[in-house]
Amino acid sequence: MVGASHPVPVTPASPVVPSPRRPTGNGGSAWERTRWWYESALGWPTVPGDPVRLRTGVRFDVLDVPAGAGYATLERLDRIERQDRTERQDRTGRPVCAGPAGRAGGGSPAPGFPVAVRGGRMLLLVAAGAAEELPGLLEWLEWGSLALGMTALGAGGTVDAPLAPPGPAGLPPRPPERDGLHGAAVWLRPPEPGCEVESSLPALSVPGRTGTALDLARLVHTLATQCHRFRITASGPPRARPVARVG
C-alpha cells in the first residue's frame, strides 16, 4: 500500500572496547614501572619496546665516559665545591649550607645533576644541545686531538633508561634477574620527580643565563683530564670505587 510505513532494520551496536590502559607505578613488570616513572613522573619521552630507552636531545643530552674517569670527575667537583663553601664561610663568618638538589646556598653549585652508571661506563646528563657543542668545546679546551673515550648523545639519539629508583612508583622488591634486568643501567644520582631537572643540568655559560647549574666547559675540561689519566693508567691495578646504587 502506498504510504505504508515499513520497519527499518537496526544494526546492533558494536560493544565499546576500552583502550588498553597504560600501567601505573603500582603494577606491571619492572620495565612497565620504569616506563611509567619516566613518562608520568618525569615527563621524559621514551622509545617503544623493552628494555626502555630514553630519547636524548629533547629534555637532556648525555655524556658517556669511562666510569673510572667519571667517578674521579665527580670526586674532584665535590672537593672543589667543599673548598668553595669553606672559603665563603671564612669570608662571611656564617656557615654555608647546601640547598636543594645539592646546591650551595649563596655560591657556586655542588654538581647535583643526574648521573647513572652501566657496567664500565658513566652517563652524565647535561643540557639539551650540549652534544652538538662538545666537538668545538674540546677543540677550544685543547683536547680535540686526543682519543678520550668520551662520546655524546644528543638530538635523534637514544640511551638505555636506568632502572627507576625504589619506591611506590619504582621497581618491585624482588631480584632484578627475575625481570631480565641484570646488567641494566642504574642511577648513581637520580633525577627528582616534581623538580625542574633541566635547571640542574650543566650548560654553557652565556650572558643572561640564569640558574646555578654547573658550567659545561668546566665539566668537560675535568672529564677530559680524567679520561686522559684513565687511559694512561688503565693497565694498572683497578681503583676501588663506590658501589652504584638504585636511588
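Refer to the structure above for everything that follows.
Note that this is a predicted model, so its numbers are computed, not measured.

Reading guide: rules and limits
- Every chain is numbered on its own, with residues counted from 1 as its sequence reads.
- The predicted nature of this model means local features are confined to residues of pLDDT at least 70 and side-chain atom pairs, given and counted, to a pLDDT of 80 or more, with totals for whole chains, interfaces and linings taken over all residues.
- For side-chain calculations, the full set of non-hydrogen atoms in the structure is used, while hydrogens and water are omitted.
- By the criteria applied, helices consist of DSSP H or I runs no shorter than four residues and strands consist of E runs no shorter than two, each listed in order from the N terminus.
- Buried, partly exposed and exposed residues are distinguished by accessible area as a fraction of the type maximum, computed with a 1.4 Å probe on protein chains only: under 20%, between the cut-offs, and over 50%, respectively.
- Contact criterion: two residues are considered in contact whenever any of their non-hydrogen atoms come within 4.5 Å of each other.
- Here the accessible surface of atoms and residues is derived via Shrake-Rupley with a 1.4 Å probe, and residues count as covered only by protein chains that are part of the display.
- Patch definition: residues above 30% relative accessible area lacking any salt bridge, with like charges linked at up to 9 Å and the nonpolar side chains Val, Leu, Ile, Met, Phe, Trp and Tyr linked at up to 5 Å.
- Any Lys or Arg side-chain nitrogen located within 4 Å of an Asp or Glu carboxyl oxygen qualifies as a salt bridge.
- Residues scored as charged are limited to Lys and Arg (positive) and Asp and Glu (negative), so that His and the chain ends carry no count.
- Taken as the charge centre is NZ of Lys, CZ of Arg, CG of Asp or CD of Glu, depending on the residue.
- Counted as a polar contact is a pair of N or O atoms within 3.5 Å, where, for protein atoms, one must be capable of donating a hydrogen and the other of accepting one, and residues adjacent in sequence contribute only when both atoms are in side chains.

Asker: Is there a simple way to think about the overall build of the chain in this case?
Answerer: The helix and strand tally for the chain stands at four helices and eight strands. Along the chain direction, N to C, the helices and strands of the chain fall in the order α-β-β-β-α-β-β-α-β-β-β-α. The proportion of buried residues among the 247 residues of the chain is 39%. Taking all contacts inside the chain whose residues are at least 6 apart in sequence as the whole, residues at least 24 apart take part in 71%. Split by element, the accessible area of the chain, about 14,000 Å² in all, is 57% carbon and sulfur.

Asker: I would appreciate a short explanation of a positive patch on the surface in the present structure.
Answerer: Among the surface-exposed residues, R76, R79, R82, R218 and R229 lie close enough to one another that they form a single positively charged patch. Among the secondary structure elements, those contributing two or more residues to the positive patch are α2 (67–92) and α4 (216–232). Here the positive patch gets three residues from one element, more than from any other, and that element is α2. By the element assignment, R218 lies in helix α4. Exposure remark for R218: the relative accessible area of 32% places this residue in the partly exposed category.

Asker: Sorry, what's going on with the side chain of T46 here?
Answerer: Along the polypeptide, T46 turns up in strand β1 (residues 46–47). Classification of T46 as buried rests on a relative accessible area of 8%. Within the structure, the side chain of T46 is placed 2.5 Å from the side chain of E39, a separation counted as a polar contact. Not counting the four nearest positions on each side in its chain, T46 is found in contact with R35, Y38, E39, V52, R53, L54 and R55.

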